[in-house]
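Letter by letter, the chains look like this.
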Amino acid sequence: MKKYKSRAVKVGPYFLGGDNPVRVQSMCNTDTRNVSETVKQILALEKAGCEIIRVAVPDMAAAKVIGKIKKRIHIPLVVDIHFDYKLALECVSQGADKIRINPGNIGSREKVEAVVKACKAKKIPIRIGVNVGSIEKDLQAKYGPTPKAAVESALRHVRILEDLKFHDILISIKFSDVPQMVEGYRLLAKKVNYPLHLGITHAGTSYMGTMKNAIGIGVLLHEGIGATIRVSLTADPIEEIKAGFGILSALEKRKVGPELISCPTCGRTEIDMISLTGKVEKALVGIKKPIKVAVMGCVVNGPGEAREADIGVAGGKKMGAIFVKGKVIKSVPENKILSELLKEIRKIV
Ligand code: SF4
């Protein structure tokens, strides 16, 4: 299959697109005007690994605090603006790293030109974000709420920027329906070579939302489509970051932190695998090194199945055999498994 290759666009310290790593982003759910709450959330997201953060800018009061927020955080700050070009201009002057605005919704050509001029001067990109629920009436009438309509809508916005010789563009087209999302981005990838921001919109709560995002984003990333991802969930944004890295890690797009391999358990299991695996997962939080840890139910298949793991345990009759690189190094009683495992892990991280 021919892999999609986009141009690269710079957002803060990162290049998005080209051969650069896929970056994980999220969006604050605080009131942007509440600087301390917003900064607090961003710092927590940074700690969880968030690489780019977006905040809503619904009015001038929010636009005016962008500089204050930016001073206290360490990752690129993206502002989400609808319609009002004055908000865009204010955010650019406040030091925003990227603007999400649809040029077709700004109004007169002069207003679009003013935004483009400001972005060019500060070398910041614009993301066009089309949502299938809010595309232009004529496209709705012609194509219905379809991938084709969303792509046509995105291309209209793109042309406005290209006419002004502005090419630092990223694009997203969002759907809440996974097959439509995949079809839409595939279609878009045939028409443009700008880096694409992937996500499923209104995906739902942690469980189903993660499923939908993982499938939609996963299929596209596997085809080489996608420069940055946002897993939108009706949940704490920290969950979005965890899910985002989980997707990248499962696809082996980025080696980020430890990978936990665990067996589904079966009639051979003689230790409390579910509790042990949960505790190991918790203990791995915060480790940055991309190690593989295996928690397996039995010595018959455990070490062999987890041959690739750096450290692991294979359960036996109320005991566990600790193994390193697939070789058993010692056996311990069940109540000592966790501490022994963590001791071995600490030696290599
Ligand atoms: S590793 Fe052992 S306990 Fe776990 S599923 Fe396989 S056979 Fe069953």
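Reading the values: rules and limits
- Residues numbered from 1 in each chain as written.
- Predicted model: local features only at pLDDT ≥ 70, side-chain atom pairs only at ≥ 80, totals over all residues.
- Heavy atoms only, no water.
- Patch = residues over 30% accessible without salt bridge, like charges linked within 9 Å, V, L, I, M, F, W, Y side chains within 5 Å.
- Areas by Shrake-Rupley, 256 points an atom, 1.4 Å probe, with all protein chains shown as cover.
- Salt bridge = Lys/Arg side-chain N within 4 Å of Asp/Glu carboxyl O.
- Helix = DSSP H or I, 4+ residues; strand = E, 2+ residues; numbered from the N terminus.
- Pairing = 2+ DSSP bridges.
- Contact = heavy atoms within 4.5 Å.
- Axes fitted to C-alpha atoms, helices over the stretch in contact; angles between N-to-C directions.
- Parallel < 35°, antiparallel > 145°, perpendicular 65-115°, else oblique.
- Left-handed = near helix turned anticlockwise from the far one by under 90°.
- Buried < 20%, exposed > 50% of the residue type's maximum accessible area, 1.4 Å probe, protein only.
- Polar contact = N/O pair within 3.5 Å; in protein donor to acceptor, adjacent residues only side chain to side chain.
- Right-handed = clockwise from strand over helix to strand, strands pointing away.

A. Representation of a nonpolar patch on the surface in the model. A cluster of nonpolar residues, Y207, M208 and M211, forms a patch on the protein surface that exposes about 330 Å² of accessible area. For M208, the location among the structural elements is in helix α9 (residues 206–222).

B. Representation of the sheet that holds strand β10 (residues 228–230) within the structure. Spatially, 8 strands are ordered β8-β7-β6-β5-β4-β3-β10-β9 in an open sheet, and the strand pairing comes out parallel. Lying at the two open borders of the sheet, with one neighbouring strand each, are β8 (169–174) and β9 (197–198). As defined by bridge partners, strand β7 (residues 126–131) adjoins β8 across 6 bridges and the pair is classed as parallel. What sits directly across from I128, in β8, is I171. Its contacts with the sheet put helix α7 (residues 147–163) on β7 and β8, and the angle it makes with β7 is roughly 155°. Against the sheet, helix α10 (residues 237–250) contacts β3 (23–27) and β10, and its axis sits at roughly 160° relative to β3.

C. Representation of the packing of helix α8 (residues 178–191) against α9. Direction vectors running N to C along α8 and α9 enclose 25°, while the axes themselves pass 9 Å from each other. Put simply, α8 runs roughly parallel to α9. Seen from above, α8 lies across α9 with right-handed handedness. Between α8 and α9, the contacting residues are V178, M181, V182, Y185 and R186 on the first element and K212, I215, G216, I217, V219 and L220 on the second.

D. Focus on helix α4 (residues 85–94). Of all the residues in α4, the buried ones are L87, A88, E90, C91 and V92. Buried positions along α4 lie against α2 (60–64), α3 (66–71), β5 (77–80), β6 (98–100) and α5 (109–122). Looking at where α4 begins, the residue whose side-chain oxygen comes 2.9 Å from the main-chain nitrogen of K86 is D84. Looking one or two residues past α4, G95 carries a phi angle of roughly 100°, positive in sign.

E. Seen up close, the pairing of β5. Alternating residues of β5 divide into L77 and V79 and V78 and D80, and every residue in both groups is buried. The sheet contact formed by strand β4 (residues 52–56) and β5 spans 4 bridges and is parallel. When the bridges of β5 are listed, A56 appears paired with D80. Relative to β6, β5 runs parallel, the two being bridged by 3 bridges. Its bridge partner lying in β6, V79 is registered against I99. Between β5 and its parallel partner β6, the chain crosses via α4, and the hand of that crossover is right-handed.

Read these as layout, nothing more, since geometry by itself doesn't imply function.
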